[in-house]
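Working through the structure, step by step
One-letter residues, chain by chain:
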2 protein chains.
Amino acid sequence: MFSKACEYGIRASIFIAERSLMGMKVSLKEVANAIDSPEAYTSKILQKLSRHEIVSSEKGPNGGYLIGPQQIEKVMLNEIVFAIDGDKVYQGCGLGLPKCDGAKPCPAHHQFKIIRDELKEMLETTTIKSLTLGLSESLTFLKR
Amino acid sequence: MFSKACEYGIRASIFIAERSLMGMKVSLKEVANAIDSPEAYTSKILQKLSRHEIVSSEKGPNGGYLIGPQQIEKVMLNEIVFAIDGDKVYQGCGLGLPKCDGAKPCPAHHQFKIIRDELKEMLETTTIKSLTLGLSESLTFLKR
DNA sequence: CTTTTATCGGACAAATTTGTCCACTTTAAT
DNA sequence: ATTAAAGTGGACAAATTTGTCCGATAAAAG
Ligand code: FES
Ligand code: FES
């Protein structure tokens, strides 16, 4: 569905959001450990999210990543997907034609459009914050 | 959503099915041309579909690919996806955890499960034959 | 039986994605 | 000021996916 980079990005954002809600910053090492991802690779992904102003980063001792109080209410899943994977989820044809185009559709356009529209709706209405809810009670997990 | 190989595989199957319904066989070259795919790569994919008994192949002069009269009524989209991409569509976690597992779910499991179940349902109930319908009237397209 | 035509399958090559390393910058603490 | 602790960013490496080449195999036609 998404690239591995995007999966890491979402998991990382959820973790940072959870800690930010508790008023904490987290280091790269903590993120990588929490979501079980390669540290340096995760760093690249967080840089991208930082440039897209989805997460904030602070350098120096006691630095780390966080999501500010205003941002945390607003960041939707689709922003992270868009920042990392671009618009291929939105514009891509299920059968691989250059672009999904209802005016010249592939044979499965109708079937795929239904699914894709629902996925889009889900991504656009799900906040990162809402995804942190089950974490502290161990109802949900960021690694296994 | 799917690998490129899988996209080629579905497009190829739809094309072969359309011709098979007209009682024709098609050569590798015709397939690759019809779906705008690299010939040798398409060959690998058709071999895989052939080994999974989704399409039939015949060697020698007047050889080519076809889908038999019984098969064409039965082949569903999900069989092609499964033959090429395996069960990652079915078992994969949306956030990249090793396996989607409701007993130890990722934070977005609920949201993803809804989408994935619908995708699964769609793939399992859509026949290749049904996807050929708009082709001859140029209502749908296998390449652009 | 030979030739021609087609798929089969293994080895190889290119491109993309994923992952690593290290020098650099920024910032806080001493 | 100096040092140590963090993220930054560029170059590189490994792995995976995508794509190519070519000889082997099978079958029909002459
Ligand atoms: S054209 Fe293929 S999904 Fe829309
Ligand atoms: S565990 Fe992540 S989608 Fe089910």
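Definitions and limits used
Residues numbered from 1 in each chain as written. Chains lettered and ligands numbered in written order. Predicted model: local features only at pLDDT ≥ 70, side-chain atom pairs only at ≥ 80, totals over all residues. Heavy atoms only, no water. Helix = DSSP H or I, 4+ residues; strand = E, 2+ residues; numbered from the N terminus. Buried < 20%, exposed > 50% of the residue type's maximum accessible area, 1.4 Å probe, protein only. Contact = heavy atoms within 4.5 Å. Areas by Shrake-Rupley, 256 points an atom, 1.4 Å probe, with all protein chains shown as cover. Near = heavy atom within 4 Å. Polar contact = N/O pair within 3.5 Å; in protein donor to acceptor, adjacent residues only side chain to side chain. Nonpolar A, V, L, I, M, F, W, Y, C, P; charged D, E, K, R; others polar. Least-squares fit on C-alpha atoms with pLDDT ≥ 70 in both. Axes fitted to C-alpha atoms, helices over the stretch in contact; angles between N-to-C directions. Parallel < 35°, antiparallel > 145°, perpendicular 65-115°, else oblique. Left-handed = near helix turned anticlockwise from the far one by under 90°. Salt bridge = Lys/Arg side-chain N within 4 Å of Asp/Glu carboxyl O. Core = buried A, V, L, I, M, F, W, Y, C linked by side-chain atoms within 4.5 Å. Buried area = accessible area lost by both parts, 1.4 Å probe.

Brief notes about the overall build of chain A
- Within chain A one finds eight helices and two strands.
- Counting from the amino terminus, helix and strand elements in chain A follow one another as α-α-α-β-β-α-α-α-α-α.
- The C-alpha extent of chain A, read off along each of the three principal axes, is 55 × 30 × 30 Å.
- Looking at chain A residue by residue over its 144 residues, the buried ones come to 49%.
- For chain A, the share of sequence-separated contacts (at least 6 apart) that also reach a separation of at least 24 residues comes to 66%.
- For chain A, the accessible area works out to roughly 7,200 Å², and carbon and sulfur atoms hold 52% of it.

Quick look at the protein's contact with DNA strand C
- As a matter of local geometry, DNA strand C sits amid 25 residues, with Pro 61 of chain A together with Leu 28, Lys 44, Arg 51 and Ser 57 of chain B nearest to it.
- Among atoms of DNA strand C positioned within 4 Å of the protein, sugar and phosphate together represent 63%.
- Residue Leu 28 of chain B places a main-chain N or O atom 2.5 Å away from a phosphate oxygen belonging to DNA strand C.
- Within the contact set of DNA strand C, a base nitrogen lies 3.2 Å away from a side-chain nitrogen or oxygen of Gln 47 of chain B.
- Secondary structure elements with two or more residues in the surface near DNA strand C: helix H1 (4-21) and helix H3 (39-51) of chain A together with helix H3 (39-51), strand S1 (56-58) and strand S2 (64-66) of chain B.
- Residues that form the surface near DNA strand C fall into these classes: nine nonpolar, nine polar and seven charged.

Section: the relation of the copies chain B and chain A
- Once chain B has been moved 0.0 Å along the axis and rotated by 180°, it coincides with chain A to within an RMSD of 0.1 Å. Here the two chains are linked by the operation of a two-fold rotation axis. Proximity to the rotation axis, assessed at the C-alpha, singles out Met 1 of chain B in chain B; its C-alpha lies 2.3 Å from the axis.
- Comparing contact sets, 100% of the residues at the interface of chain B also lie at the interface in chain A, consistent with an isologous, same-surface contact.

What to know about the protein's contact with DNA strand D
- The environment of DNA strand D is made up of 26 residues, and the closest members are Leu 28, Lys 44, Arg 51 and Ser 57 of chain A together with Pro 38 of chain B.
- For DNA strand D, the backbone portion of the atoms within 4 Å of the protein, that is sugar and phosphate, comes to 61%.
- Between DNA strand D and Lys 44 of chain A, the relevant distance is 2.5 Å, taken from a base oxygen to a side-chain nitrogen or oxygen of the residue.
- One of the side-chain N or O atoms of Lys 59 of chain B is found 3.3 Å from a sugar or linking oxygen in DNA strand D.
- Within the residue set of the surface near DNA strand D, elements represented by two or more residues are H3, strand S1 (56-58) and strand S2 (64-66) of chain A together with helix H1 (4-21) and H3 of chain B.
- With four residues, H3 of chain A is the largest single contributor of residues to the surface near DNA strand D.
- When its residues are assigned to classes, the surface near DNA strand D shows 10 nonpolar, nine polar and seven charged.

Examining the packing of H1 of chain A against helix H5 (residues 77-85) of chain A
Residues and elements named next belong to chain A.
- In the contact formed by H1 and H5, the axes pass within 9 Å of each other and the chain directions differ by 140°. Taken together, H1 and H5 sit at an angle that is classed as oblique. Like other packed secondary-structure pairs, H1 and H5 cross with a definite hand, here right-handed. Note on element contacts: H5 touches H1 through Leu 77, Ile 80, Val 81, Ile 84 and Asp 85, opposite Ala 5, Cys 6, Gly 9, Ile 10 and Ser 13.

Let's talk about the pattern of salt bridges
All names here are of chain A.
- Applying the stated criterion to the full structure yields eight salt bridges over all chains.
- Taking the shortest distance from any N to any O, the salt bridge between Glu 58 and Lys 25 comes out at 2.9 Å. Note that Glu 58 is positioned in strand S1 and Lys 25 in the loop between H1 and helix H2 (28-35), a separation of 33 residues in sequence.
- Of the residues examined, Glu 58 reaches a relative accessible area of 41% and is grouped as partly exposed.
- By relative accessible area, Lys 25 is classed as partly exposed at 35%.
- Between Asp 117 and Lys 113 there is a salt bridge, and its shortest N-O distance comes to 2.9 Å. Taken together, the positions of Asp 117 and Lys 113, both in helix H7 (residues 109-125) and four residues apart, correspond to about one turn of that helix.
- In this structure Lys 113 comes out as partly exposed when scored by relative accessible area, which is 36%.

Some details on the nonpolar core
- In terms of nonpolar packing, the biggest core is built from 89 residues, with Ile 10, Leu 49 and Leu 123 of chain A together with Ile 10, Leu 49 and Leu 123 of chain B touching the most fellow members.
- Ignoring anything within four residues of it in the chain, the contact list for Ile 10 of chain A reads Phe 2, Leu 77, Ile 80 and Val 81 of chain A together with Leu 95 of chain B.

Focus: the interface of chain B and chain A
- In this complex, chain B contributes 35 residues to the contact, which on the side of chain A involves 35 residues.
- Here chain B and chain A share an interface that buries about 3,300 Å² over both sides, 69% of which is from carbon and sulfur atoms.
- Counting every contact that joins chain B to chain A gives zero salt bridges.
- Mapped by element, the contributors of at least two residues to the side of chain B that touches chain A are H1 and helix H7 (109-125) of chain B.
- The element that contributes the greatest number of residues to the side of chain B that touches chain A is H7 of chain B, accounting for six residues.
- The residue inventory of the side of chain B that touches chain A, partitioned by class, reads 22 nonpolar, five polar and eight charged.

So, to be careful, I would describe these as geometric facts and stop short of saying anything about function.
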